[in-house]
Amino acid sequence: MTDRNDRWGDLLRRANRGEAAAYARFLTEAAPVIRNIVRGRAGMDAGTEDIVQEVLLAIHAKRHTWRESDPVTPWLYAIARYKTADAFRSRKRGGTQVPLEDLAEQLADDGSGDPTAARDLARLLDEIDDRSASIVRAVGIEGESAGEVGARLGMSEGAVRVAYHRALARLRKLAGTEGLTEETKE
Amino acid sequence: MKTEDLIATLATEAPMAPSASLERRAGLGVAFGGLVTLTLFFVVLGPRPGLLIAMSDPFTLAKTILPLLLAPLALIMSLHAARPAVPLGVVRWLALIPPVSAAGLFLWAFSTTGAGDRFALFIGHSIQVCLPAITILSLPIIAGLLGALRHGAPVRPARCGALAGLASAGIATAIYSTFCVEDSPLFYAVWYSLGIGIATGIGALLGMRYLRW
């Protein structure tokens, strides 16, 4: 625990100075620990990896809330627990999860994707901002590479991937809350 | 997307986005909110006549000083609460000084006031101004502070919001106290505390709503 804390602290400090390799190593080492925390709550659920990725995105988005004098492990565990609880709350509210990743792939395959699913996705895409929606369409449905989309939108390839991922996370959340409104309607 | 791909992608953004620190944002939020509150105060209420003379009485001064002391302590706690796994620390004990002092002042006033005057002083004549004024004057500061705290990552948003409400109410009450002419602790120790409690509750509700991430 202390060993890990010292190592992660060192890696994160170096990441803050712009060392991408140190940051990648920190996230890579953190991922299995996060996975354990998520599984502790979820069991061996198929949706575990989605939540792990949401936690990683949250850590990335909130990395400035860690001060270099603070211990890293409690900070990371607190975020993992918070996001896991949050994911379960919205999932419980939303009933079954729409496997968006599969959905996008299915639609990219051919026109024969489930038409209801296609309509659902189109409606969800309307609810997020245009730029994110166009990235999801291009990368997830039309199968363009992040590099191509980036060149078109004037963004770096990495930025496109992160935007794509964030958009998917938001779509998942939206799909969750939509489930609720439909349930209450019935 | 696979988790390894996500990590590789996030790593390309390793250097910290240059953003103002949470503390600085909170300071700005309180300053802007406080400015709105002060403007509102001077337009609608304004300080009482003979403020400085009134304040030469330490028991009158206490109704301004105690909330003013509470504000920075609650502000520090709200900033701690906005960072995952950062304990509230010793500040939480220091923050007990104003309410304990207020309770002490109340008891002192109770014992030194004649039995016939107690009730009149306790009820006073301005509860209907005092409670809404403290609540409303707190709101701009709560708004400014919550706007800043949204950049944090409170794992208990309601608690963080409540502390922001408490800090805001401390400032708002100190300002309001310069208008209020009820100088007995039998009045202010009770009704100011209730006003601060209301603003704290509003902060908790807003925190639940706006501090989730």
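Residues numbered from 1 in each chain as written. Chains lettered and ligands numbered in written order. Predicted model: local features only at pLDDT ≥ 70, side-chain atom pairs only at ≥ 80, totals over all residues. Heavy atoms only, no water.

Trainee: Explain the overall build of chain A to me, and be specific about the residues and the numbers.
Mentor: Secondary structure summary: chain A contains nine helices and zero strands in total. What you see in chain A, going N to C, is helices and strands ordered as α-α-α-α-α-α-α-α-α. Looking at the 186 residues of chain A, the share that counts as buried comes to 47%. A fraction of 64% describes how many contacts in chain A between residues 6 or more apart in sequence connect residues 24 or more apart. Put simply, chain A shows about 9,100 Å² of open surface, and 51% of that area lies on carbon and sulfur atoms. (Helix = DSSP H or I, 4+ residues; strand = E, 2+ residues; numbered from the N terminus. Buried < 20%, exposed > 50% of the residue type's maximum accessible area, 1.4 Å probe, protein only. Contact = heavy atoms within 4.5 Å. Areas by Shrake-Rupley, 256 points an atom, 1.4 Å probe, with all protein chains shown as cover.)

Trainee: Before we move on, could you go through the environment of Leu-171 of chain A and cite the residues and values that matter?
Mentor: As for its placement among the helices and strands, Leu-171 of chain A is situated in helix H9 (residues 157–185). For Leu-171 of chain A, a relative accessible area of 0% gives the class buried.

Trainee: Describe a nonpolar patch on the surface, listing the residues and the values that go with them.
Mentor: Residues and elements named next belong to chain B. Side chains of Leu-40, Val-43, Val-44, Ile-136 and Leu-139 sit close together on the surface and give an oily, nonpolar patch of about 450 Å² of accessible area. Elements with a minimum of two residues in the nonpolar patch: helix H2 (22–44) and helix H8 (127–149). With three residues, the single largest contributor to the nonpolar patch is H2. Checked against the element boundaries, Val-44 lands in helix H2. Taking relative accessible area as the criterion, Val-44 reaches 60% and is therefore assigned exposed. (Patch = residues over 30% accessible without salt bridge, like charges linked within 9 Å, V, L, I, M, F, W, Y side chains within 5 Å. Salt bridge = Lys/Arg side-chain N within 4 Å of Asp/Glu carboxyl O.)

Trainee: Account for unusual backbone geometry, naming residues and giving values.
Mentor: The phi angle at Ala-85 of chain B is positive, at roughly 65 degrees, despite the residue not being glycine. You can see Ala-85 of chain B is positioned in the loop between helix H4 (58–81) and helix H5 (91–94).

Trainee: Outline the packing of aromatic side chains, supporting the account with residue identities and numerical values.
Mentor: Residues and elements named next belong to chain B. Under the defined criterion, the tally for this structure stands at 11 aromatic pairs over all chains. Centre to centre, the rings of Tyr-188 and Tyr-192 are 5.9 Å apart; their planes meet at 40 degrees, and the pair counts as tilted. Residue Tyr-188 and its partner Tyr-192 are both found in helix H10 (residues 185–210); the two are separated by four residues, about one turn of the helix. You'll find Tyr-188 and Tyr-192 in the same group, each marked buried. Here the aromatic residues Tyr-176, Phe-179, Tyr-188 and Tyr-192 are joined through ring pairs into a cluster of three or more. Sitting over the face of the ring of Trp-93, Arg-92 holds its NZ or CZ atom 5.9 Å from the ring centroid. Residue placement shows Arg-209 over the ring face of Tyr-210; its charged tip is 5.2 Å from the ring centre. (Phe/Tyr/Trp six-rings, centres within 6.5 Å; stacked < 30°, edge-to-face > 60°. Lys NZ or Arg CZ within 6 Å of the ring centre and 35° of its normal.)

Trainee: How would you sum up the environment of Ala-167 of chain A? Please name residues and give values.
Mentor: All names here are of chain A. In this structure, Ala-167 sits in helix H9. In this structure Ala-167 comes out as buried when scored by relative accessible area, which is 0%. Sequence-wise, Ala-167 and Leu-125 are 42 residues apart; in three dimensions their C-alpha atoms are separated by 9.1 Å. Setting aside chain neighbours within four positions, we find Ala-167 in contact with Ile-128, Ser-132 and Val-136.

Trainee: Can you explain the interface of chain A and chain B? Please cite residues and give values.
Mentor: Contact with chain A, which involves 41 residues of that partner, is made by 29 residues of chain B. Counting the surface chain A buries against chain B, the share from its top three residues, Lys-62, Arg-67 and Tyr-82 of chain A, is 20%. Across the chain A-chain B interface, the total number found is one salt bridge. For Asp-86 of chain A, the salt bridge is made with Arg-212 of chain B, and the minimal N-O distance between the two is 2.7 Å. Within the residue set of the side of chain A that touches chain B, elements represented by two or more residues are helix H1 (2–16), helix H2 (20–42), helix H3 (48–61), helix H4 (72–94) and H9 of chain A. (Buried area = accessible area lost by both parts, 1.4 Å probe.)

Trainee: Summarise the side chain of Glu-54 of chain A; cite the residues concerned and give the values.
Mentor: Inspection of the secondary structure assignment puts Glu-54 of chain A in helix H3. Here Glu-54 of chain A is in contact with Ala-87, Arg-91, Ala-169 and Arg-172 of chain A, once residues within four sequence places are set aside.

Trainee: Could you give me a rundown of the nonpolar core, with the residues and numbers involved?
Mentor: Of all hydrophobic cores here, the largest spans 38 residues; its most connected members are Phe-26, Ile-34, Ile-59, Trp-75 and Leu-76 of chain A. Those elements giving two or more residues to this core turn out to be H1, H2, H3, H4 and H9 of chain A together with helix H1 (3–11) of chain B. Of all the elements, H2 of chain A adds the most residues to this core, at nine residues. If we skip the residues at most four places from it in the chain, Trp-75 of chain A touches Leu-12, Phe-26, Ile-59, Lys-62, Arg-63, Thr-65 and Trp-66 of chain A together with Pro-84 and Ala-85 of chain B. Judged by nonpolar contacts, the second largest core, of 28 residues, contains Val-30, Leu-70, Leu-166 and Ala-199 of chain B. (Core = buried A, V, L, I, M, F, W, Y, C linked by side-chain atoms within 4.5 Å.)

Trainee: Please set out the packing of helix H7 (residues 115–123) of chain B against H10 of chain B residue by residue, giving values where relevant.
Mentor: All names here are of chain B. In the contact formed by H7 and H10, the axes pass within 7 Å of each other and the chain directions differ by 40 degrees. The pairing of H7 with H10 is recorded here as oblique in orientation. The handedness of the crossing between H7 and H10 comes out as right-handed. Between H7, through Arg-118, Leu-121, Phe-122 and Ile-123, and H10, the contact on the second element is made entirely by Leu-186, Phe-187, Val-190 and Trp-191. A breakdown of the residues in the contact of H7 with H10 according to their chemical character gives seven nonpolar, no polar and one charged. (Axes fitted to C-alpha atoms, helices over the stretch in contact; angles between N-to-C directions. Parallel < 35°, antiparallel > 145°, perpendicular 65-115°, else oblique. Left-handed = near helix turned anticlockwise from the far one by under 90°. Nonpolar A, V, L, I, M, F, W, Y, C, P; charged D, E, K, R; others polar.)

Functional significance is not addressed by these values, which are geometric in nature.
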